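Structural characterization, general
Each chain, written out:
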Amino acid sequence: MRKSMYWDESLSVGCDLIDGQHKELINLVTELEESARSGLTNEQLARALKFIVSYTRHHFLAEEELMKSIGFNELPHHRELHNELVHKVTEILLQMKEGKDPEAPNLIQFFIEWVKKHVNEEDRKIGTYWRKWSNGAKVMDCRIKSVSERRAAIIPRLDKLKELFRIKLIEIDDFKAKKQSLFEGLFVELGPNKIAEGLSDLDHFLKVDIIGSKERDMIIEGYLRKLNPEADLEVISEVEDKLIFVRLLRERELITEEKFNQLKTRILEAI
Ligand SMILES: [Fe+2]
């Protein structure tokens, strides 16, 4: 069957990590198109939508970080478009929870059209902007990194912050907040599926005294607050990782004991 959307170099935003996510997104759209043709049950549809919300939120955060780092001038508008999609899909999910019929084919069609238009028109602008300023170079510091590279990349940025604080250009509160978001960025980059890797990065930084144990907790909590427990759980593939995820949420009281037990039961059902 002919695919209705392909990735090609003209869609590149100059960053392997984001390009890879766009390829995955295009694959997802193609798969959805195919399964929608044979008809989806409401349950299948809800699962697909939860995945979409979670995946796109993770992807959008990473893409917004990229736009910030290259100084892309249309970031506020672009972010608005992202938020609109997340709201729309979340709203539909809520309606489905209340038992309303979501008109599955229209919904899937809406998402497919949104992705095609957004990647083709809006995301393409990021690449065009970047190529204009960089003569076609890849965005520095933007590709899938090895563990040691990922960890090493944070050090010069932290040193820069220390320097800014030392010469009194930023306050201690600015320093602390920025340091926290720098480390939260590790989790954002890895995505909810690799939370265990993010935790082992933090343990490494704790061991070499770059962060304290209180900071470690605040970083984890800060990141978890950005997530949507139920939707993000859907993107995590391994049972162990799913359990780590819900346990972290419970430990930090971001979900109730009742919710924790509910999620745990659902995870164990898959075994
Ligand atoms: Fe985008």
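Residues numbered from 1 in each chain as written. Predicted model: local features only at pLDDT ≥ 70, side-chain atom pairs only at ≥ 80, totals over all residues. Heavy atoms only, no water.

Glancing now at the overall build of the protein. Counting its secondary structure elements, the protein contains 11 helices and zero strands. When the helices and strands of the protein are placed in sequence order, the string is α-α-α-α-α-α-α-α-α-α-α. Its C-alpha atoms give the protein a radius of gyration of 20 Å, within 12% of the compact-globule value 18 Å for 271 residues. When its C-alpha atoms are laid out on the principal axes, the protein stretches across 60 × 50 × 30 Å. (Helix = DSSP H or I, 4+ residues; strand = E, 2+ residues; numbered from the N terminus. Rg over C-alpha atoms; globule rule 2.2 N^0.38 Å.)

On to the nonpolar core. In terms of nonpolar packing, the biggest core is built from 30 residues, with F183, F187, I195, L224 and F245 touching the most fellow members. Counting residues per element, the ones that place at least two in this core are α5 (147-166), α6 (172-190), α7 (195-207), α8 (213-225), α10 (239-251) and α11 (257-269). Examining the composition of this core, we find that six residues originate from one element, α6, more than from any other. Those residues within four positions of L224 in sequence are excluded, and the remaining contacts are I195, F245, L248, L249, R252 and L254. L28, I52, V89 and V115 belong to the second largest nonpolar core, which has 27 residues in total. (Core = buried A, V, L, I, M, F, W, Y, C linked by side-chain atoms within 4.5 Å. Buried < 20%, exposed > 50% of the residue type's maximum accessible area, 1.4 Å probe, protein only. Contact = heavy atoms within 4.5 Å.)

In this section: the domain arrangement of the protein. In terms of domain boundaries, the protein breaks down into domain 1 (9-134) and domain 2 (147-269). Of note, the centres of domain 1 and domain 2, computed from C-alpha atoms alone, are 24 Å apart. Between domain 1 and domain 2, the residue contacts involve 10 residues of the former and 13 residues of the latter. Taken over both partners, the interface formed by domain 1 and domain 2 buries close to 1,000 Å², and the fraction arising from carbon and sulfur atoms is 58%. (Domains from an automatic or database assignment. Buried area = accessible area lost by both parts, 1.4 Å probe.)

To continue, consider the packing of α5 against α7. Running from amino to carboxyl end, α5 crosses α7 at an angle of 55°, the nearest separation of the two axes being 11 Å. Judged by the inter-axis angle, α5 sits oblique to α7. Crossing of α5 over α7 shows right-handed handedness. Residue-level contacts link V147, R150, R151, I154 and I155 of α5 to E197, S200, D201, H204 and F205 of α7. Among the residues making up the contact of α5 with α7, the classes are represented as four nonpolar, two polar and four charged. (Axes fitted to C-alpha atoms, helices over the stretch in contact; angles between N-to-C directions. Parallel < 35°, antiparallel > 145°, perpendicular 65-115°, else oblique. Left-handed = near helix turned anticlockwise from the far one by under 90°. Nonpolar A, V, L, I, M, F, W, Y, C, P; charged D, E, K, R; others polar.)

The next subject is α8. With 13 residues, α8 should reach 18 Å at 1.5 Å per residue; the first-to-last C-alpha distance of 18 Å fits that figure. In this fold, the buried residues of α8 make contact with α6, α7 and α10. (Expected span 1.5 Å × (residues − 1).)

Under the criterion given, the structure shown has five aromatic pairs. On the basis of an interplanar angle of 80° and a centroid distance of 5.3 Å, the ring pair of F72 and Y129 is categorised as edge-to-face. Of the two residues, F72 is situated in the loop between α2 (42-70) and α3 (75-97) and Y129 in helix α4 (residues 104-134); the sequence distance between them amounts to 57 residues. On the basis of relative accessible area, F72 is assigned to the buried category, the value being 6%. The interplanar angle of 75° and the centroid separation of 5.1 Å between the aromatic rings of F183 and F205 together place this pair among those described as edge-to-face. (Phe/Tyr/Trp six-rings, centres within 6.5 Å; stacked < 30°, edge-to-face > 60°.)

Looking at the element boundaries, K116 is found in helix α4. Among the residues examined, K116 registers a relative accessible area of 16% and is labelled buried. In this structure, K116 is in contact with S4, M5 and E33, ignoring residues within four places of it in sequence.

In this section: the packing of α5 against α6. Between two packed helices, the angle of one axis relative to the other and the distance separating the axes together describe the packing. The N-to-C vectors of α5 and α6 enclose an angle of 165°; their axes lie 10 Å apart at closest approach. With respect to each other, α5 and α6 are oriented roughly antiparallel. Regarding α5 and α6, the two cross each other, and that crossing is right-handed. Between α5, through R150, I154, R157, L158, L161, K162 and F165, and α6, the contact on the second element is made entirely by I172, F175, K178, K179, L182, F183, L186, E189 and L190. Along the lines of polarity and charge, the residues of the contact of α5 with α6 split into 10 nonpolar, no polar and six charged.

With that out of the way, let us pick up α10. Because each turn of an α-helix spans 3.6 residues, side chains separated by three or four positions end up pointing in the same direction. Spanning 13 residues, α10 covers 18 Å between terminal C-alpha atoms, matching the ideal 18 Å at 1.5 Å per step. Those residues of α10 lying buried are D241, K242, F245, V246, L248 and L249. For α10, the buried positions fall inside an angular range of 155° around the axis, keeping them on one side. Among the exposed residues of α10, those oriented more than 90 degrees off its buried face are E240 and E251. Tucked inside the fold, the buried residues of α10 contact α7, α8, α9 (229-235) and α11. The positive-phi residue at the C-terminal boundary of α10 is E253, with phi of around 55°. (Arc of directions from axis to C-beta.)

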